[in-house]
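Remarks on the overall topology
Below are the chains, spelled out letter by letter.
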Protein chains: 2
Amino acid sequence: MVLYIMCSLALAFLNPVLVLGGMNVTRPNILLLLMDDMGWGDLGVFGEPSRETPNLDKMASEGMLFPNFYTANPLCSPSRAALLTGRLPIRNGFFTTNSHARNAYTPQEIVGGISDSEILFPELLKKAGYINKIIGKWHLGHRPSYHPLRHGFDEWFGSPNCHFGPYDNKQIPNIPLYRDWNMVGRYYEEFNINHKTGESNLTQIYLQEALEFIYSQAVAQQPFFLYWSIDATHAPVYASRPFLGTSNRGLYGDAVREIDFSIGKILNLLNLTGIAKDTFVFFTSDNGAALISAPMQGGSNGPFLCGKQTTFEGGMRVPGIAWWPGHVAPGQVSYQLGSIMDLFTTSLSLAGLEIPRDRAIDGIDLSPVILESKETERPIFYYRGNELMAVRLGQHKAHYWTWSNSWEELSQGINFCPGQNITGVTTHMQVEHSINPLLFHLGRDPGEKYSISVLSTEYEDAVNRISYVVQQHRDSMVPGEPQLNVCDLAVMNWSPHGCEKLGKCLTPPQSNPWKCVWPH
Amino acid sequence: MVLYIMCSLALAFLNPVLVLGGMNVTRPNILLLLMDDMGWGDLGVFGEPSRETPNLDKMASEGMLFPNFYTANPLCSPSRAALLTGRLPIRNGFFTTNSHARNAYTPQEIVGGISDSEILFPELLKKAGYINKIIGKWHLGHRPSYHPLRHGFDEWFGSPNCHFGPYDNKQIPNIPLYRDWNMVGRYYEEFNINHKTGESNLTQIYLQEALEFIYSQAVAQQPFFLYWSIDATHAPVYASRPFLGTSNRGLYGDAVREIDFSIGKILNLLNLTGIAKDTFVFFTSDNGAALISAPMQGGSNGPFLCGKQTTFEGGMRVPGIAWWPGHVAPGQVSYQLGSIMDLFTTSLSLAGLEIPRDRAIDGIDLSPVILESKETERPIFYYRGNELMAVRLGQHKAHYWTWSNSWEELSQGINFCPGQNITGVTTHMQVEHSINPLLFHLGRDPGEKYSISVLSTEYEDAVNRISYVVQQHRDSMVPGEPQLNVCDLAVMNWSPHGCEKLGKCLTPPQSNPWKCVWPH
């Protein structure tokens, strides 16, 4: 099937009358390219020294680069929930209250997931006539009620959880992949990742899925939302054979090169089919690079402090590129503080839809920024689980709590800030600074190394401004029902829908729920 | 005078018949833009998050970017001597043997300087009909025999030493500025730098000097070499009033913005006068950013380890951009390992001149890289004073010695690696690793965090290759006469040539030479 599509597309590309544009859509297609654990510093355009992302660099030069773009959480599931709901994880339920300030996500023993009470923007796009597809990782819960096709998507090819494994299908089942409602196989069975060589053709499969979907919608002149949520840069990192060993950066770089290649193909197809001018494309990542997996399995956060799991810049500042030929002028850099949650609001705005008014929405509409370079002051909130750890406003960032991870974890070699140690900042205890927040100027000091003296007028002015914003934020905060508190082996992917047809149903153990333990 | 030139140039630029090209020179003009303590990570194109170098970024997009470009020493004077001689400081004498592995330079109490036995490439260019000018910092010795006009330059406007001060002209004289043979004033007297505000118009003066020189040579159709060796990013950092407070990065960023603006003006003049296609331009820096002066007075080394004074990447990897419209194709990235010493060889090659054969030259000819993208494998040697600390070959770097600085200095707050601490790597003792060099893969691990296991075949292969190169290098090494061993208060800038006319001669103390102390 994949081969067939490759051939048909290849033939189509030779046909000069392929161009299908002229739909005159007022509602642009929306294409989100979401990376997994890719760091800000992994792109050539953001200074990766080996500069192996020519297609992404070209995308930036043809569009608008966001050096101040943030995810909503330093971990995958909450970020993805925030992206699709436009709301902080503390509101949409993607957090835990089992312990203070803990990152939590959706491993396959998690009971919770995305609540029916949350509105995902594809739900709204769908009502406006969009066809919505997710390719790749979902990560908002794997139990049937959390299925993406129940939350606004029309099509899905990918997996509900991380591609961890291989498991024994006895104590732990291998993670399934779905096509729409039905599983089509499991990782390490039908969809292999060779841990020794790092080989897997999954990115190629996800690429072909994207090309096929885009091509079909272009032919049908059908507005679409495609959420290309691939995971090759999340450990265990993988690349297909033609890319293995091609990077100067090792296996992680091979994965980046394959993704860069794939994005080149996708943008090229938008151009070839004539729908580039009708398609808003945004590239970003779910959190900072996982330095704990570096150098073979983790990326780079450039000049920023620490990585994934932390609320330092390396954990939450992510690459951001907007591309929309004919609408977004080429070669721009925006200094706007942007958030992954803005993609909710911006997508609705571009589709001409109303933003829900019955709930707090944290994302702002970036279309004035993208289309008219009109920037807005807004804060960035850095949460870790149920705790507001830090706030950025303008160039200043105030830390109310600092924590890297525990001394116990560190002594086991778990280090989210390898090679970096800033006394009183990268703390291995949870340290509260609420009375005198630790203040940094991210323009002069993007690495959060030089805290500003509490005795300075700069400190007083900045902390006053930030405190006001924090007070407003706290006063109006209504946390959601925490979804990431309860675990149960019985809810794992034993018998996903469709397993019968494949003869791949497994027997779950008895239900025995427990309070999930989130160590950091 | 400066104002007059500004006006005459401004008028000239309005005249569409200004274009003076069509010289059909076979010998291109050579313009070296040498920064002082500017780090690899200070350019937008190398990932500085505030992205405030639009002109340099444009220069890169119109030319060739070198992400693997190195200086020859982590300190100013030896780097500059290496640039002009094409030879490692250990050969050209810009080192000390007073203590092991110490950085040394040319403060005004230094007795030594550039030896008459060294050939500086402007000397050769001059014989081939070039007019050579240095604008800014010389730093190869300030005593009369070391004067730039005795070493190949026809014109000079600038200073022999760093713009340190203000001094009292009793214990220590203020540093002079020269026009050609005569001093024209002193720092903090005729040429002020306000330490409180950071204001100084020196970059504007250096810019006007450059514009005037280029314009004159263009009018005269005279091949030229211009060495624009400015120092606004060296502490004490400065910027002129229109730039103060304009950067998101503080005073250091203001200085960078003014330099970026100035380079934009210079390249624009090359275009306006029609000589851009006849002018090879190279932008680089003398060493990595001085992290000890950060954040207000120091720059960024991006993802690299430590800064100026060290032989980690942050100390010696520097920005490199080649620009030559019509000859260097736009938008290229070269992975060539380049060295500041290559500018010696490349300049001679572009001018059609022979490379001296009577001595070892460490620089290679980059013209095949720049003009035909033909890359060459070559090692990079990282010296600290008289010691070969490390060697890069391909992606591998082997450290034979590690040292950041002493515990004593560290305890006084002198830190060349702030916020960075890698056990066994950023050592505060001089640690020898000659038997089993510390090996890093700079592609996977540009931050030198993860040393490669001595038990791996990768280690064995890489160290074998590097050891062979090191052996060859050591076998053929003939160190020069060390120039940086002797200091004497009597040699300071008491009575520079021309002081009589200005009534600014000072009385030197009795000569009392001592062995200079180089603490790191």
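The structure presented is a predicted model; accordingly, all values stated were derived computationally and were not measured.

In terms of helices and strands, chain A carries 13 helices and 21 strands. A compact globule built from 520 residues would reach a C-alpha radius of gyration of about 24 Å, and chain A, at 22 Å, matches this within 12%. Taken over the C-alpha atoms alone, chain A extends approximately 70 × 55 × 50 Å along its principal axes. The 520 residues of chain A split such that 65% are buried. Summarising the internal contacts of chain A: among those between residues at least 6 apart in sequence, 73% fall at separations of at least 24. Taken as a whole, chain A presents about 17900 Å² of accessible surface, with 54% of it coming from carbon and sulfur. Across chain A, the mean location of the 38 positive side-chain charges is 2 Å away from that of the 48 negative side-chain charges.

A word on the UniProt feature "glycosylation site" (unreviewed entry) in chain A. All names here are of chain A. The positions that UniProt labels "glycosylation site" (unreviewed entry) are, in the present scheme, Asn201. Along the chain, Asn201 turns up in the loop between β7 (182–186) and α6 (202–220). Among the residues examined, Asn201 registers a relative accessible area of 43% and is labelled partly exposed.

Here we come to the domain arrangement of chain A. Many structure descriptions define interface size as the accessible area lost when the parts assemble. Residues and elements named next belong to chain A. Considered domain by domain, chain A is made up of domain 1 (29–376) and domain 2 (387–476). Centre-to-centre, using C-alpha coordinates, domain 1 lies 27 Å away from domain 2. Taken together, the contact between domain 1 and domain 2 spans 22 residues of the former and 25 residues of the latter. Ranking the residues of domain 1 by area buried against domain 2 places His100, Leu305 and Phe312 at the top, with a combined share of 28%. On inspection of domain 1 and its partner domain 2, the count reaches one salt bridge. With a closest N to O distance of 2.8 Å, Lys397 and Glu313 form a salt bridge.

Our next topic: the relation of the copies chain B and chain A. Least-squares fitting of chain B to chain A yields an RMSD of 0.0 Å, with the superposition described by an axial translation of 0.0 Å and a rotation of 180°. Taken together, the rotation and translation relating the two chain copies correspond to the operation of a two-fold axis. No C-alpha of chain B approaches the rotation axis more nearly than that of B:Gly47, which lies at 2.0 Å. Taken together, the interface assignments show that 100% of the residues at the interface of chain B recur at the interface of chain A, consistent with an identical surface on both copies.

This brings us to the UniProt feature "binding site: Ca(2+)" (unreviewed entry) in chain A. Residue and element names in this part refer to chain A. Under the present numbering, the feature "binding site: Ca(2+)" (unreviewed entry) in UniProt falls on Asp36, Asp37, Cys76, Asp286 and Asn287. The greatest C-alpha distance among the residues just named is 7.9 Å, despite their covering 252 residues of sequence, which places them together in space. Secondary-structure assignment places Asp36 in the loop between β1 (29–35) and α2 (54–62). Residue Asp36 is classed as buried on the basis of its relative accessible area, which comes to 0%. Leaving out residues up to four positions away in the same chain, Asp36 has contacts with Arg80, Lys137, Ile230, Asp231, Thr233, His234, Ser285 and Asp286. Contact partners of Asp286, with chain neighbours within four places excluded, come to Leu34, Met35, Asp36, Asp37, Thr71, Asn73, Leu75, Cys76, Ser79, Arg80 and Ile340. Engagement of the side chain of Asp286 in a polar contact is seen with the backbone nitrogen of Asp37, the distance being 2.8 Å.

Let's shift gears to the environment of B:Thr197. All names here are of chain B. Residue position: Thr197 is located in the loop between β7 (182–186) and α6 (202–220). Separated by 43 residues in sequence, Thr197 and Ser240 have C-alpha atoms that sit 10.0 Å apart. With sequence-adjacent residues up to four places away left out, Thr197 is seen in contact with Leu244 and Leu251.

Moving on, we get to the state of the cysteines. On inspection of all chains with the given rule, the structure shows six disulfides over all chains. The disulfide that involves B:Cys487 links it to B:Cys516, with 2.1 Å between the sulfurs. Measuring the twist about the S-S bond at about 110°, one finds the B:Cys487-B:Cys516 disulfide to be right-handed. One end of the pair, B:Cys487, is in strand β20 (residues 486–487); the other, B:Cys516, is in the segment after β21 (514–515), with 29 residues separating them in the sequence. We note that B:Cys487, like B:Cys516, is buried. What connects to what in chain A, once the bonded cysteines are numbered by sequence position, is 1-2, 3-6, 4-5. Cysteine A:Cys162 is unpaired, with the sulfur of A:Cys76 as its nearest cysteine sulfur at 5.0 Å.

This part takes up unusual backbone geometry. That bond from A:Gly165 to A:Pro166 is cis: its omega, 0°, falls within 30 degrees of zero. With respect to the helices and strands, the residue A:Pro166 is situated in the loop between β5 (155–158) and β6 (176–179). Its identity is not glycine, yet A:Gln221 carries a phi of approximately 50°, on the positive side. Note on placement: A:Gln221 falls in the loop between α6 and β8 (224–229). Of note, B:Glu448 is a non-glycine position whose phi angle comes to about 50°, a positive value. Take B:Glu448: it is sitting in the loop between β19 (438–441) and α12 (457–476). Accessibility expressed as a relative area gives 0% for B:Glu448, which makes it buried.

Basis of the calculations
Residues numbered from 1 in each chain as written. Chains lettered and ligands numbered in written order. Predicted model: local features only at pLDDT ≥ 70, side-chain atom pairs only at ≥ 80, totals over all residues. Heavy atoms only, no water. Helix = DSSP H or I, 4+ residues; strand = E, 2+ residues; numbered from the N terminus. Rg over C-alpha atoms; globule rule 2.2 N^0.38 Å. Buried < 20%, exposed > 50% of the residue type's maximum accessible area, 1.4 Å probe, protein only. Contact = heavy atoms within 4.5 Å. Areas by Shrake-Rupley, 256 points an atom, 1.4 Å probe, with all protein chains shown as cover. Lys, Arg positive; Asp, Glu negative; His and termini not counted. Charge placed at Lys NZ, Arg CZ, Asp CG, Glu CD. UniProt positions renumbered as here; feature names shortened; annotations may be inferred. Domains from an automatic or database assignment. Buried area = accessible area lost by both parts, 1.4 Å probe. Salt bridge = Lys/Arg side-chain N within 4 Å of Asp/Glu carboxyl O. Least-squares fit on C-alpha atoms with pLDDT ≥ 70 in both. Polar contact = N/O pair within 3.5 Å; in protein donor to acceptor, adjacent residues only side chain to side chain. Disulfide = S-S within 2.5 Å.

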